[in-house]
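Structural overview for review
Chain residues, written in single-letter form:
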There are 2 protein chains.
Amino acid sequence: MPPRPGLSKAELEIARIVWELKDAGVRQVFEALPAGRDIDFTTVQTYLRRLEEKGYLNVRLEGRNRMYSPKVRPQTVIRETVGEMVDLLFGGETMPLMKHLVEERRFSSADIDQLRQLLDRLEGDRT
Amino acid sequence: MPPRPGLSKAELEIARIVWELKDAGVRQVFEALPAGRDIDFTTVQTYLRRLEEKGYLNVRLEGRNRMYSPKVRPQTVIRETVGEMVDLLFGGETMPLMKHLVEERRFSSADIDQLRQLLDRLEGDRT
DNA sequence: TTGACTCAATTACAAATGTAATAGTATAGT
DNA sequence: ACTATACTATTACATTTGTAATTGAGTCAA
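Reference entry: report on the structure contained in this document. (Residues numbered from 1 in each chain as written. Chains lettered and ligands numbered in written order. Predicted model: local features only at pLDDT ≥ 70, side-chain atom pairs only at ≥ 80, totals over all residues.)

Helix and strand content of chain A: six helices and two strands. For 127 residues, the compact-globule formula gives about 14 Å, and the C-alpha radius of gyration of chain A, at 18 Å, lies well above that figure. A principal-axis box enclosing the C-alpha atoms of chain A has dimensions of 55 × 35 × 30 Å. Burial status across chain A gives 20% buried among its 127 residues. Put simply, 43% of the contacts in chain A that link residues at least 6 apart link residues at least 24 apart. (Helix = DSSP H or I, 4+ residues; strand = E, 2+ residues; numbered from the N terminus. Rg over C-alpha atoms; globule rule 2.2 N^0.38 Å. Buried ≥ 20, exposed ≤ 12 C-beta atoms within 10 Å, placed from the backbone. Contact = placed C-beta atoms within 7 Å.)

Once that is clear, we can look at the relation of the copies chain B and chain A. Copies of the same chain, two in number, are related to each other by a rotation about an axis and a translation along it. Screw-axis analysis of chain B against chain A gives a translation of 0.0 Å along the axis, an RMSD of 0.1 Å, and a rotation angle of 180 degrees. Taken together, the turn and the small shift mark the pair as related by a two-fold rotation axis. Most of the interface of chain B is mirrored in chain A, where 100% of its interface residues again form contacts. (Least-squares fit on C-alpha atoms with pLDDT ≥ 70 in both.)

Near DNA strand D you find 22 residues, and of these A:N65, B:S8, B:K9, B:A10 and B:D40 are the closest. Those elements that place two or more of their residues in the surface near DNA strand D are α2 (26–32), α3 (41–53) and β2 (65–70) of chain A together with α1 (9–21) and α3 (41–53) of chain B. Of all the elements, α3(B) adds the most residues to the surface near DNA strand D, at four residues. Considering only residue class, the surface near DNA strand D consists of five nonpolar, ten polar and seven charged. (Near = placed C-beta within 6 Å. Nonpolar A, V, L, I, M, F, W, Y, C, P; charged D, E, K, R; others polar.)

On to the interface of chain B and chain A, then. Tallying the contact residues gives 30 residues for chain B and 30 residues for chain A. The set of elements that each furnish at least two residues to the side of chain B that touches chain A consists of α1, α4 (74–90), α5 (94–104) and α6 (109–126) of chain B.

A separate point is helix α1 (residues 9–21) of chain A. Two residues of an α-helix separated by three or four positions point the same way, owing to the 3.6 residues in each turn. For α1(A), with 13 residues, the first-to-last C-alpha span of 19 Å sits near the 18 Å given by 1.5 Å per residue. Listing the buried residues of α1(A) in full gives A:L12, A:I14, A:A15, A:I17 and A:V18. Buried-residue contacts for α1(A) involve α2, α3, β1 (57–62), β2 and α4 (74–90) of chain A together with α4 of chain B. Phi turns positive, to about 70 degrees, at A:K22, one or two residues after α1(A). (Expected span 1.5 Å × (residues − 1).)

In this section: the protein's contact with DNA strand C. Among the 22 residues in the neighbourhood of DNA strand C, the closest are listed as A:S8, A:K9, A:A10, A:D40 and B:N65. Elements with a contribution of two residues or more to the surface near DNA strand C: α1 and α3 of chain A together with α2 (26–32), α3 and β2 (65–70) of chain B. Examining the composition of the surface near DNA strand C, we find that four residues originate from one element, α3(A), more than from any other. In terms of residue class, the surface near DNA strand C is made up of five nonpolar, ten polar and seven charged.

All names here are of chain A. For β1 and β2, the ladder comprises six bridges, and the chain directions are antiparallel. Counterpart to R60 in the pairing with β2 is M67. In sequence, β1 turns back onto β2 through a hairpin of two residues, with G63 there showing a positive phi of about 65 degrees. (Pairing = 2+ DSSP bridges.)

The next point concerns the environment of A:Q28. Residues and elements named next belong to chain A. On the secondary structure map, Q28 appears in helix α2. Residue Q28 is classed as partly exposed on the basis of its 15 C-beta neighbours within 10 Å. For the pair Q28 and M95, spaced 67 residues apart in the sequence, the C-alpha separation amounts to 39 Å.

Let's shift gears to the packing of α1(B) against α3(B). Residue and element names in this part refer to chain B. Orientation of α1 relative to α3, taken along the N-to-C sense of each, is 90 degrees, at an axis distance of 9 Å. One element, α1, and the other, α3, form an angle in the roughly perpendicular class. Taking contact as the criterion, the partners of A10, E11, I14 and A15 in α1 are, on α3, V44, Y47, L48, R50 and L51. Class assignment for the residues of the contact of α1 with α3 results in seven nonpolar, no polar and two charged. (Axes fitted to C-alpha atoms, helices over the stretch in contact; angles between N-to-C directions. Parallel < 35°, antiparallel > 145°, perpendicular 65-115°, else oblique.)

One way to put it is that helix α5 (residues 94–104) of chain A packs onto α5(B) with a least axis distance of 11 Å and a crossing angle of 155 degrees. Taken together, α5(A) and α5(B) sit at an angle that is classed as roughly antiparallel. As for how α5(A) packs across α5(B), the hand of that crossing is left-handed. Listed contacts from α5(B) to A:T94, A:L97, A:M98 and A:L101 of α5(A) are B:T94, B:L97, B:M98 and B:L101. Class assignment of the residues belonging to the contact of α5(A) with α5(B) gives a composition of six nonpolar, two polar and no charged. (Left-handed = near helix turned anticlockwise from the far one by under 90°.)

Below, the structure is given as structure tokens:
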């Protein structure tokens, strides 16, 4: 169903940086890596190239340099990735994942309130 | 942090079947595959072997046959897998994922109610 | 006892992934 | 013009993953 090959972990990590920067060359992406993420400049290059090959990024030549920008929206990638995980871990059902998250991950009271509001809005929209 | 190598998609698929069957030989796992999942018997064998090598399954000889059973609880695998995905997609924050799920995946009114109850309980327990 | 089966064990192998070295080319400073 | 810089492009390579063929050994039916 996804018209593109899936992203690997490392690719996803790099894609996120490009989403954030909107438009960036290898160097910028490289420098935007979180401190402590020890990875070679040329490795970042490879990931960016693969992201482009897979259809996730646009490339444009800025002089001699390649500038990368998002082609597929984060939301789309998120939807596909989460969907796949729900299939794999929960046989395609979302509720068990929700349950897991609510029970296993820590939420603040503010978070809980926010979630309640989300639910209210959701129900409102549907009715 | 995870003391075991991660699971690949195919391995996860097979692991889920073993969790369900509790204790099963290759043949049983093979037969428990969803109709339409076209995969060779020996491939299932390979996955089971790898799952054992990676420390996710126990093996025991039943006569001449290997019987596999879960060694790591589903909950643990789920926690690790979801955690990794949250890191990768949302920089470690759970709320954006919750938001995504609520907004992008379809929930029935019953689901929504159930979620509310979960939240109530959560808040109750904490207070 | 000889196939037909059923399993397990071994081996295979291409594609994907994580990671990088190397080589080539333009650019900017001296 | 020459060299250090900064990029790009090409190539590499081990590991993991998806998938299976092959080989060997025990078992059952005829």
